[in-house]
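Observations on the model geometry
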Amino acid sequence: MRRMVAETRLHPADLVLPAFVREDISEPVEIGSMPGVYQHTRDTLRKAAAEAVAAGISGIMLFGVPEEAKKDALGTAGTDPDGILQQALRDVRSEVGDDLLVMSDLCLDEFTDHGHCGVLTADGRVDNDATLERYAEMAQVQADAGAHVVGPSGMMDGQIGVVRDALDRTGHEDVAVLAYTAKYSSAFYGPFREAVGSSLKGDRKTYQQDAANARESLRELALDLSEGADMVMVKPAGPYLDILAKVAEASDVPVAAYQISGEYAMIEAAAQRGWIDRDPAVLESLTGIKRAGAQIILTYWATEVARKLG
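Just so we're clear, the structure is a prediction, and the values are computed from it rather than from any experiment. (Residues numbered from 1 in each chain as written. Predicted model: local features only at pLDDT ≥ 70, side-chain atom pairs only at ≥ 80, totals over all residues. Heavy atoms only, no water.)

**Quick look at helix 7 (residues 215-226)**
For an α-helix, the turn length of 3.6 residues means that residues three or four places apart are oriented alike. This is how the line gets drawn: A helix here means a DSSP run of H or I that spans at least four residues, while a strand means a run of E at least two residues long, and both kinds are numbered starting from the N terminus. By this rule the span expected of a helix is its residue count minus one, scaled by 1.5 Å. Burial status follows relative accessibility: with a 1.4 Å probe on protein chains alone, a residue under 20% of its type maximum counts as buried, one over 50% as exposed, and anything between as partly exposed. This arc describes the spread of directions from the helix axis toward the C-beta atoms.
Given a rise of 1.5 Å per residue, 12 residues ought to cover 16 Å, and the 17 Å separating the end C-alpha atoms of helix 7 matches this to within 8%. Here helix 7 has its buried residues at Glu216, Ser217, Glu220, Leu221 and Asp224. In a view along the axis of helix 7, the buried residues occupy a sector of 145°, so they form one face of it. The exposed set on the far side of helix 7, more than 90 degrees from its buried face, consists of Arg215, Arg219 and Ser226.

In structure tokens, the structure reads:
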């Protein structure tokens, strides 16, 4: 009876798998704060993409982890056609073709020696406009490498319009833009920073949103839609279900939510200690995100959950 009258249903097609590919390893490396999640080699990433197709999920979001020596102030490894992320995009496209939406994180933070999402001024502030120029380059090289979808995640003012224009000018009109519309400055990003080997010094409060603010997210939504976003996203998901619901109600394009590393880590850690029942907790967390209005959910459990739903 409960199943028959359920108002919210999870489906494998709702899910996208975030995945990390690291340059300087020959075997996958488990992320200590994210049990069961790995920094992949190029070969094991191909396997993960094939498994994602078999499970029936919709996409894979790729994050590149370069060698430490290749990081610099401008994040040039992020726009190098032979950089690790671009290599991974080509690998995955050759493995799965169009059977899986291949998405790429469009941001500088993994590639800069200071760990910020943009270019810094001499006094250490993020230079919004100089960063946009770098994002335009990134959009082109990621699209050239085979990305179906790019995800500008740096929260720079005007980033969606610049990325959309760069794609259109370089013959990539069919590449979609997933806007990180409401990305909050959150305490729950810690495990992710381990996953990408972040070099962050300081914090990102000058360009990510304040957890205390809700109306701000709707202003960001209006801007992203006016600049040509094909999809919009709220990040994190679980602590911001109210924001997700507001965005879903106001948006006329598909809405995504990213269940981030800290959300994953808390459930896994509590389950390992026997404090909660892991599998029902995972499904409940994802059901709550969909119930709040997400049509697309990025989650590290995507392939596992899709197999169980299958």
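Now, onward.
**Some thoughts on the UniProt feature "binding site: 5-aminolevulinate 1" (unreviewed entry) in the protein**
For clarity, the cut-off: UniProt positions are given in the numbering used here, feature names are shortened, and annotations may be inferred rather than shown by experiment.
UniProt annotation of "binding site: 5-aminolevulinate 1" (unreviewed entry) refers to Arg193 and Arg204 when read in the numbering used here. Inspection of the secondary structure puts arginine 193 in helix 6 (residues 190-195).

**Here's the deal with empty space enclosed by the protein**
Inclusion rule: A pocket, in this scheme, is an open set of points on a 1 Å grid over the protein atoms alone with protein on both sides within 12 Å along at least 5 of 7 lines, while a cavity is a set where a 1.4 Å probe fits but cannot get out; residues line either one if an atom lies within 4 Å of a point. Grid points are joined across faces, edges and corners, and a volume is the space filled by probe spheres set on the points. Classification convention: Asp, Glu, Lys, Arg as charged; Ala, Val, Leu, Ile, Met, Phe, Trp, Tyr, Cys, Pro as nonpolar; all other residues, Gly among them, as polar.
Applying the stated criterion across every chain yields a total of two cavities of 30 Å³ or more. Computed from the structure, the second largest cavity encloses a volume of approximately 40 Å³. Together, Phe63, Asp105, Cys107, Asp109, Glu110, Ser153, Lys183, Phe192 and Lys235 line the second largest cavity. Grouping the amino acids of the lining of the second largest cavity by side-chain chemistry returns three nonpolar, one polar and five charged.

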